[in-house]
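# Commentary on secondary and tertiary structure
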Amino acid sequence: KAGVTQTPRYLIKTRGQQVTLSCSPISGHRSVSWYQQTPGQGLQFLFEYFSETQRNKGNFPGRFSGRQFSNSRSEMNVSTLELGDSALYLCASSYGQDPIGEQYFGPGTRLTVT
Amino acid sequence: AQSVTQLGSHVSVSEGALVLLRCNYSSSVPPYLFWYVQYPNQGLQLLLKYTTGATLVKGINGFEAEFKKSETSFHLTKPSAHMSDAAEYFCAVSDGGGSYIPTFGRGTSLIVHP
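Okay, so let's go over this structure. (Residues numbered from 1 in each chain as written. Chains lettered and ligands numbered in written order. Predicted model: local features only at pLDDT ≥ 70, side-chain atom pairs only at ≥ 80, totals over all residues. Heavy atoms only, no water.)

### Let's talk about the overall build of chain B
When helices and strands are counted, chain B shows zero helices and eleven strands. Tracing chain B from N to C terminus, the helices and strands come up as β-β-β-β-β-β-β-β-β-β-β. In terms of C-alpha radius of gyration, chain B reaches 14 Å, essentially the compact-globule figure of 13 Å for 114 residues. Seen along its three principal axes, the alpha-carbon backbone of chain B occupies a region of about 45 × 30 × 20 Å. In chain B, which comprises 114 residues, the share counted as buried stands at 44%. Split by element, the accessible area of chain B, about 5,200 Å² in all, is 53% carbon and sulfur. Of the side chains in chain B, 7 bear a positive and 7 a negative charge, and the two mean positions are spaced by 4 Å. (Helix = DSSP H or I, 4+ residues; strand = E, 2+ residues; numbered from the N terminus. Rg over C-alpha atoms; globule rule 2.2 N^0.38 Å. Buried < 20%, exposed > 50% of the residue type's maximum accessible area, 1.4 Å probe, protein only. Areas by Shrake-Rupley, 256 points an atom, 1.4 Å probe, with all protein chains shown as cover. Lys, Arg positive; Asp, Glu negative; His and termini not counted. Charge placed at Lys NZ, Arg CZ, Asp CG, Glu CD.)

In structure tokens form, the structure reads like this:
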């Protein structure tokens, strides 16, 4: 079974621009979660989508948004980029109705904002 | 509410020495517990998990962890460190509640000296 894939793997953007990141979950998984990872803040939960609906949300500003399509693929958008948005963005998928909560991670997208 | 504390942001060991990475959790219900490993520029990979049953859990690459309810701990150990074990390690807890999303610790960077 193919793993979680994320595109692009690397991205360089300029402050003020917007960016869209994509995540394809493992086949059969209906939940997709997004995390931001930085050296200073560690791994921070952004939001989770399940069956095209945002089910959980972390403490990030409205510039960070996401959506999920009917095939469970998900996109994350960041508008008006700031230097502090430079980070590794990780996507994780799961079945979404398993209380154990085990997640499967993609390789991440490394975003650099200049 | 659930939370995870990983003692020590960095742990340094010599090759061949015992590896001990500490994790304490807080959960209002019997938890599900995980250890993930992250190699540079990669996503997180599941090392092992505790759900129910035997409290000593064996994972990949020779790692194991023991669930101690009385101490609310889930420490990760490996008898003999290898250079390839150098990575970031994350402990996570899920309480099986409605969020289906685990809570991650800040991570511990394992440094292995030759």
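### Let's talk about the state of the cysteines
Residue and element names in this part refer to chain A. Applying the stated rule across the entire model yields two disulfides over all chains. Covalently, C23 is tied to C91 through a disulfide, its sulfur atoms 1.7 Å apart. Taking the sign of the S-S torsion, about -45° here, the bridge from C23 to C91 comes out left-handed. Remark: C91 occurs in strand β9 (residues 87-94) and C23 occurs in strand β3 (residues 19-24); sequence separation between them is 68 residues. Summarising the burial analysis for this pair, C23 and C91 share the class buried. (Disulfide = S-S within 2.5 Å.)

### Things to note about the pairing of strand β3 (residues 19-26) of chain B
Residues and elements named next belong to chain B. Here β3 shows a clear split, with V19, L21, C23 and Y25 buried on one side and none of L20, R22, N24 and S26 buried on the other. When strand β1 (residues 3-7) meets β3, the two strands line up antiparallel, connected through five bridges. The residue of β3 that forms the bridge with V4 is Y25. The pairing of β3 with strand β8 (residues 73-78) spans four bridges and is antiparallel. From the neighbouring strand, V19 faces β8, where its bridge partner is K78. (Pairing = 2+ DSSP bridges.)

### Some words on the interface of chain A and chain B
Interface size is often expressed as the accessible area that is lost when the parts come together. Contact with chain A, which involves 27 residues of that partner, is made by 20 residues of chain B. Summed over both partners, the interface of chain A with chain B buries about 1,900 Å², with 55% contributed by carbon and sulfur atoms. When the area that chain A buries against chain B is broken down by residue, the three leading residues are P99, I100 and E102 of chain A, summing to 28%. Applying the counting criterion to the chain A and chain B interface returns one salt bridge. E102 of chain A serves as the salt-bridge partner of K49 of chain B, at 2.4 Å between the closest nitrogen and oxygen. Linking chain A to chain B there are six residue pairs in polar contact (both at pLDDT 80 or more). Looking at the side of chain A that touches chain B, the elements that each hand over two or more residues are β4 (31-38), β5 (42-50), β6 (53-57) and β9 of chain A. Here the element with the most residues in the side of chain A that touches chain B is β5 of chain A; it accounts for four residues. The class makeup of the residues in the side of chain A that touches chain B is ten nonpolar, eleven polar and six charged. (Contact = heavy atoms within 4.5 Å. Buried area = accessible area lost by both parts, 1.4 Å probe. Salt bridge = Lys/Arg side-chain N within 4 Å of Asp/Glu carboxyl O. Polar contact = N/O pair within 3.5 Å; in protein donor to acceptor, adjacent residues only side chain to side chain. Nonpolar A, V, L, I, M, F, W, Y, C, P; charged D, E, K, R; others polar.)

### Observations regarding the pattern of salt bridges
Residue and element names in this part refer to chain A. Summed over the entire model, instances satisfying the criterion amount to eight salt bridges over all chains. A salt bridge links E82 to R63, with the nearest nitrogen and oxygen atoms 3.6 Å apart. In this pair, E82 sits in the loop between β8 (74-78) and β9 while R63 sits in the loop between β6 and β7 (64-68), placing the two residues 19 residues apart along the sequence. Each of R63, E82 and D85 takes part in a single network of salt bridges with overlapping partners.

### A closer look at the sheet that holds β8 of chain A
Residues and elements named next belong to chain A. Judged by pairing direction, the sheet is antiparallel, and its four strands sit side by side in the order β1-β3-β8-β7 without closing on themselves. At either end of the open sheet lies a strand with only one pairing partner, and these are β1 (5-7) and β7. Across the sheet, the mean angle separating the axes of adjacent strands is 20° when strand polarity is ignored. In the sheet, β7 pairs with β8 via five bridges, with the strands oriented antiparallel. Among the inter-strand pairings, G66 is bridged to a residue of β8, identified as M76. (Axes fitted to C-alpha atoms, helices over the stretch in contact; angles between N-to-C directions.)

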